[in-house]
Amino acid sequence: EDTPAIKAGILAKDVITKIDGKSTKGMDTSEAVTLIRGEPGSKVKLTISRSGQKPRDYLITRAKIEIHPVDYSLKQTPAGRTGYIRLKQFSANASKEMREAIRDLEKKIVDGYVLDLRNNPGGLLFSSIEIARMWLKDGTIVSTIDRKGVVEKEAANGRSLTEKPLVVLVDKGSASASEILSGALQDNKRAVLVGSKTFGKGLVQSVRPLEDGSGVAVTIAKYLTPNGADINKAGIKPDIKVELSDEQRQNLWLKQRDKLATLQDRQFARAIEQLKKEIAG
């Protein structure tokens, strides 16, 4: 979010087929990154293939990118005083910003929370574990399994920051660490998940270098939710399904961002309806 790519109209799951007219077929990631990066203010043209549409060129003005992973606010909703927290990615400082957000909203005496993980592609595993511990008082968070069985199990440590009702928003752009966090909150019955099925990425990979300078990405383990569900390729199903078409998602995240996390946002509105029930309960 708030990057040159999204301002130009590029979405998660778009496929870059050309960079300044050069085909990306057979191109490795490092070469693509080198071609895309450049001086702030300069431009790069990306040819994008999007599901069900003809390839289209996007001219992007490069900029220095500084991403704050957490946005939050106090919203007056039909559920009451609602703490809304949007987590964009699980970066190194995501847990610090999440802790600050929860503590600030607790001081403002909210009735409940909506945690928005939509379009969050994941990031650092330790960040998802730290954030899960802020919401969970006890219970398993995630298990790492290799070919010999359970290698490691992460659990809550009794240091949750709030026990107030929580609803989590997820969609098909929620991946990896987002699925670990939402799976932990769902399996431990700490939160109700609203939205659409998540992306389905739950592998641990290691890159092994080869003599010719290339490398092989080897899957060495996978993640399981507390109830033993394999996230990979399966994703996590929300408790309450609210599907948006690709066109509706595109409009919400690009053309009508002022409607995001308002009652005109269908998934958010359903989350508020559920949060009202949770608070009443």
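This structure is a prediction, so every number in the text was calculated from the model and none was measured.

Engineer: Go over the pairing of strand β3 (residues 43-49), please, and point to the residues and values.
Structural biologist: Relative to β3, strand β1 (residues 15-19) runs antiparallel, the two being bridged by four bridges. Note that in β3 the partner of isoleucine 19 across the bridge is leucine 46. As paired strands, β3 and strand β4 (residues 56-61) are joined by six bridges and run antiparallel to one another. Pairing of valine 44 across the sheet is with isoleucine 60, part of β4. Between β3 and β4, which pair antiparallel one after the other, the connecting turn spans six residues, and glycine 52 there sits at a positive phi close to 80°.

Engineer: If you had to explain the layout of surface pockets to someone new, which residues and values would you point to?
Structural biologist: One simple way to see leftover space: roll a probe sized like a water molecule over the atoms. Each pocket or cavity is described by its volume, and for the largest pocket that value is around 1400 Å³. Considering the residues around the largest pocket, the lining is formed by 39 residues, among which Glu1, Thr3, Ala5, Ile6 and Ile10 are closest to the centre. Elements supplying a minimum of two residues to the lining of the largest pocket: α1 (4-8), α2 (29-36), β3 and α6 (246-255). The greatest single-element share of the lining of the largest pocket, amounting to four residues, is contributed by α2. Residue composition of the lining of the largest pocket, grouped by class: 21 nonpolar, seven polar and eleven charged. Space inside the second largest pocket adds up to approximately 200 Å³. Residue lining of the second largest pocket: Leu11, Ala12, Lys13, Asp14, Ser49, Arg50, Ser51, Gln53, Lys172, Asp246, Arg249 and Gln250, and that is the complete set. The element that contributes the greatest number of residues to the lining of the second largest pocket is α6, accounting for three residues.

Engineer: Go over the sheet that holds strand β11 (residues 192-195), please, and point to the residues and values.
Structural biologist: Hydrogen bonding along the main chain pairs the strands of a sheet, whether they run parallel or antiparallel. With mixed pairing, six strands are arranged side by side in an open sheet as β5-β6-β7-β10-β11-β14. Each edge of the open sheet is held by one strand with a lone partner, namely β5 (70-77) and β14 (240-241). Two strands pair when backbone bridges link them, and strand β6 (residues 80-87) and strand β7 (residues 112-116) are joined in this way by five bridges, in the parallel orientation. Residue pairing in the sheet places threonine 82 in a bridge with glycine 112 of β7.

Engineer: Can you break down unusual backbone geometry residue by residue, with the values?
Structural biologist: Look at aspartate 20: it is not a glycine, yet its phi comes out positive at around 50°. In this fold, aspartate 20 is placed in the loop between β1 and β2 (22-23). Taking relative accessible area as the criterion, aspartate 20 reaches 46% and is therefore assigned partly exposed. Its identity as a non-glycine residue notwithstanding, lysine 233 has a phi of 65°, on the positive side. With respect to the helices and strands, the residue lysine 233 is situated in the loop between β13 (215-224) and β14. Note on lysine 233: relative accessible area 73%, which makes it exposed.

Engineer: Requested: an account of empty space enclosed by the protein, with residues and values cited.
Structural biologist: If you walk through the whole model with that rule in mind, you get one cavity of 30 Å³ or more. Along its surface, the largest cavity is lined by Ile48, Arg50, Gln53, Lys54, Arg56 and Tyr58. When its residues are assigned to classes, the lining of the largest cavity shows two nonpolar, one polar and three charged.

Engineer: So what's going on with a nonpolar patch on the surface? Residues and values would help.
Structural biologist: Together, Leu210, Val216, Val218 and Ile220 make up a nonpolar patch on the protein surface, roughly 280 Å² of accessible area in all. Position of valine 218 among the secondary structure elements: in strand β13.

Engineer: Explain the packing of helix α3 (residues 94-107) against helix α4 (residues 125-135) residue by residue, including any values.
Structural biologist: For the pair α3 and α4, the least separation of the axes is 9 Å and the interaxial angle reads 15°. Between α3 and α4, the interaxial angle falls into the category roughly parallel. Pair α3 / α4 crosses with right-handed handedness. Here Ala94, Ser95, Met98, Arg99 and Ile102 of α3 come into contact with α4, specifically with Ser127, Glu130, Ile131, Met134 and Trp135. For the contact of α3 with α4, a count of residues per class yields six nonpolar, two polar and two charged.

Engineer: Could you give an account of the sheet that holds strand β8 (residues 140-146), with specific residues and numbers?
Structural biologist: One open sheet holds the four strands; their spatial order is β9-β8-β13-β12, and the pairing between them is antiparallel. For this open sheet the edge positions go to β9 (149-155) and β12 (203-209), each flanked by a neighbour on one side alone. The average undirected angle you get between the axes of adjacent strands in this sheet is 30°. Summarising the sheet, β12 and β13 pair through seven bridges and their orientation is antiparallel. Residue pairing in the sheet places leucine 203 in a bridge with lysine 222 of β13. Relative to β8, α4 is tilted by about 150°, and along the sheet it contacts β8, β9 and β13.

Rules used throughout
Residues numbered from 1 in each chain as written. Predicted model: local features only at pLDDT ≥ 70, side-chain atom pairs only at ≥ 80, totals over all residues. Heavy atoms only, no water. Pairing = 2+ DSSP bridges. Helix = DSSP H or I, 4+ residues; strand = E, 2+ residues; numbered from the N terminus. 1 Å grid on protein atoms, 1.4 Å probe; cavity = no way out; pocket = protein on both sides within 12 Å on 5 of 7 lines; lining within 4 Å. Points joined across faces, edges and corners; volume = space filled by probe spheres on them. Nonpolar A, V, L, I, M, F, W, Y, C, P; charged D, E, K, R; others polar. Buried < 20%, exposed > 50% of the residue type's maximum accessible area, 1.4 Å probe, protein only. Patch = residues over 30% accessible without salt bridge, like charges linked within 9 Å, V, L, I, M, F, W, Y side chains within 5 Å. Areas by Shrake-Rupley, 256 points an atom, 1.4 Å probe, with all protein chains shown as cover. Salt bridge = Lys/Arg side-chain N within 4 Å of Asp/Glu carboxyl O. Axes fitted to C-alpha atoms, helices over the stretch in contact; angles between N-to-C directions. Parallel < 35°, antiparallel > 145°, perpendicular 65-115°, else oblique. Left-handed = near helix turned anticlockwise from the far one by under 90°. Contact = heavy atoms within 4.5 Å.

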